[in-house]
Amino acid sequence: MQEGMLFESLYAPESGVYLEQLLLKISPLQVDIWEQAWQQVVQRHSVLRTFII
């Protein structure tokens, strides 16, 4: 699926669909605060609780 999305985005870059990237640098990382914040996000958005093996 992701390869298809990348292909379509490269094939028609002016379309502006299918590809969005975000890069964040968090420094210094306070792991305990990050874990609490992420847990709140996961509780609020059930799709993020999806797990695929």
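Coordinates for the structure precede this section.
Residues numbered from 1 in each chain as written. Predicted model: local features only at pLDDT ≥ 70, side-chain atom pairs only at ≥ 80, totals over all residues. Heavy atoms only, no water.

A. Focus on the overall build of the chain. Each helix and strand in the chain was counted, giving two helices and zero strands. By residue count, 6% of the 53 residues in the chain fall in the buried class. Accessible area of the chain: about 5700 Å², with a carbon and sulfur share of 58%. (Helix = DSSP H or I, 4+ residues; strand = E, 2+ residues; numbered from the N terminus. Buried < 20%, exposed > 50% of the residue type's maximum accessible area, 1.4 Å probe, protein only. Areas by Shrake-Rupley, 256 points an atom, 1.4 Å probe, with all protein chains shown as cover.)

B. Layout of the packing of aromatic side chains. For the structure on display, the rule yields one aromatic pair. Where Phe-7 meets Tyr-11, the ring centres are 5.7 Å apart and the plane angle is 15°; that geometry is what we call stacked. Remark: Tyr-11 and Phe-7 occur in helix α1 (residues 2-11); sequence separation between them is four residues, near one turn of the helix. Residue Tyr-11 is classed as exposed on the basis of its relative accessible area, which comes to 64%. (Phe/Tyr/Trp six-rings, centres within 6.5 Å; stacked < 30°, edge-to-face > 60°.)

C. Examining a nonpolar patch on the surface more closely. Among the surface-exposed residues, Leu-22, Leu-24, Ile-26, Leu-29, Val-31, Trp-34, Trp-38, Val-47 and Leu-48 lie close enough to one another that they form a single nonpolar patch of about 950 Å² accessible area. Residue placement: Val-47 occurs in the segment after α2 (31-44). (Patch = residues over 30% accessible without salt bridge, like charges linked within 9 Å, V, L, I, M, F, W, Y side chains within 5 Å. Salt bridge = Lys/Arg side-chain N within 4 Å of Asp/Glu carboxyl O.)

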